[in-house]
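Overview (structure and organization)
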Amino acid sequence: MKLVLALACSVIATSSVAHSATATQTFSTSAGEVRITPLFHASTLIEAGGKAIYLDPAKPAKLSGRPKADLILITDIHADHMDPASISEISKVGTEILGAPAVVKTVTRAKPIANGETKTWEGWSIEAVPAYNLTRGPAPGTLFHDKGRGNGYVLTYGGKRFYFSGDTEGTPEMRALKNIDVAFVCMNLPYTMPPNEAAEAVKAFHPKIVVPYHYRGSDLSLFQKGLEGTGIEVRLLDWYPK
């Protein structure tokens, strides 16, 4: 009987973990709840105050049935971050778009926000953080992501600060971030950085919670292990639904 109960509890616990890995994450702030839903890879839905913000909506993220966007944020020019068709699918009259200046050359409706700039929108503060490679590139002397082209974003709402790294290595600007409550950090080779390097960068700015995203093919257990004993909560979400 005890064995049966133990097995049943194990199944329930496993189901709970599986559910939490794919569920929308809810964070309390002084302005109300912020709900963050992983869509696919870097594509993310952020909801608060009756508004919907999309970060890097791109195929194959399933956008049908989702709320139309009040704001769209684009980090870089690559197809897994900037997808005009997905932008069009979730847009409505009045949708605003902010993107790195290089993005605006293609997504001409977007307004530019460059590295180091801060804008305000509907109770949010949006800070563009440099996102770039330090060493990795397709050939000697070139980088996958040049400094000054792409953005990460620090989004502040109701006193809570949410960081989305975009495509980057563990740059000095990332390491110098302050008072981050929730960090979404990329890790995938060869384009950004491996999990162990991501963990070292995260330790430097010490968010309260960190969520790996944009991690296709990475061993997230190495990231978890690298943050053991730091007091940083690691949440693993499913960014690659079948």
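Each residue is numbered by its place in its chain's sequence as written, counting from 1. Local features in a predicted model are, by the rule used here, given only for residues with pLDDT of at least 70; side-chain atom pairs are given and counted only at 80 or more, and totals for whole chains, interfaces and linings are based on all residues. Only hydrogens and water are set aside; all other atoms, that is, all heavy atoms of the structure, feed into the side-chain values.

This part covers the pairing of strand E11 (residues 160-164). Across five bridges, the pairing between strand E10 (residues 150-157) and E11 is antiparallel. Paired with Tyr153 across the bridge in E11 is Phe164. Remark: two residues form the turn of the hairpin made by E10 and E11, two consecutive strands paired antiparallel; Gly158 in that turn has positive phi of roughly 55°. Whether two strands pair comes down to DSSP finding at least two bridges between them. Helix and strand assignments come from DSSP, with helices taken as H or I runs of at least 4 residues and strands as E runs of at least 2, each series counted from the N terminus. Relative to strand E12 (residues 182-185), E11 is paired through three bridges, and the arrangement is parallel. Across the sheet, Phe162 pairs through a bridge with Val182, a residue of E12.

As a further point, take the packing of aromatic side chains. Each pair of aromatic rings taken from Phe, Tyr and Trp, with Trp reduced to its six-membered ring, is defined by centres within 6.5 Å and is described as stacked if the planes are under 30 degrees apart, edge-to-face if over 60, and tilted in the remaining cases. If you walk through the whole model with that rule in mind, you get 12 aromatic pairs. For the pair Phe164 and Phe184, a centre-to-centre distance of 4.5 Å together with 10° between the ring planes defines the contact as stacked. Taken together, the residues span a long stretch of sequence, with Phe164 in strand E11 and Phe184 in strand E12 at a distance of 20 residues. Exposure class is identical for Phe164 and Phe184. Each is buried. With a centroid separation of 5.0 Å and 75° between ring planes, the pair formed by Tyr215 and Tyr240 is classed as edge-to-face. Separated by 25 residues along the polypeptide, Tyr215 in the loop between strand E13 (209-212) and helix H6 (220-226) and Tyr240 in the segment after strand E14 (233-234) bring together distant segments of the chain. Assigned by exposure class, Tyr215 and Tyr240 land together as buried. Ring pairing ties together the aromatic residues Phe27, Trp124, Tyr157 and Phe162, which thus form one cluster. In this scheme, a residue with accessible area under 20% of its type's maximum is buried, one over 50% is exposed, and one in between is partly exposed, where area comes from a 1.4 Å probe on protein chains only.

A few words on the sheet that holds strand E6 (residues 96-99). With mixed pairing, seven strands are arranged side by side in an open sheet as E1-E2-E3-E4-E5-E6-E7. Either end of the sheet is taken by a strand with one partner, and the two such strands are strand E1 (25-27) and strand E7 (111-112). In terms of strand pairing, E1 meets strand E2 (residues 34-40) through three bridges, oriented antiparallel. Bridge pairing links Thr26 to Arg35 in E2.

A few words on the layout of surface pockets. For the largest pocket, the calculated volume is near 200 Å³. As for the largest pocket, its lining consists of 12 residues, and the residues nearest its centre are Pro38, Leu39, Lys62, Arg66 and Pro241. A per-element tally of the lining of the largest pocket places E2 first, with four residues. Every definition here rests on a 1 Å grid over the protein atoms only: cavities are sets of points where a 1.4 Å probe fits but cannot get out, pockets are open sets enclosed by protein on both sides within 12 Å along at least five of seven lines, and lining residues have some atom within 4 Å of a point. Grid points are joined across faces, edges and corners, and a volume is the space filled by probe spheres set on the points.

All quantities given are derived from atomic positions and should not be read as evidence of function.
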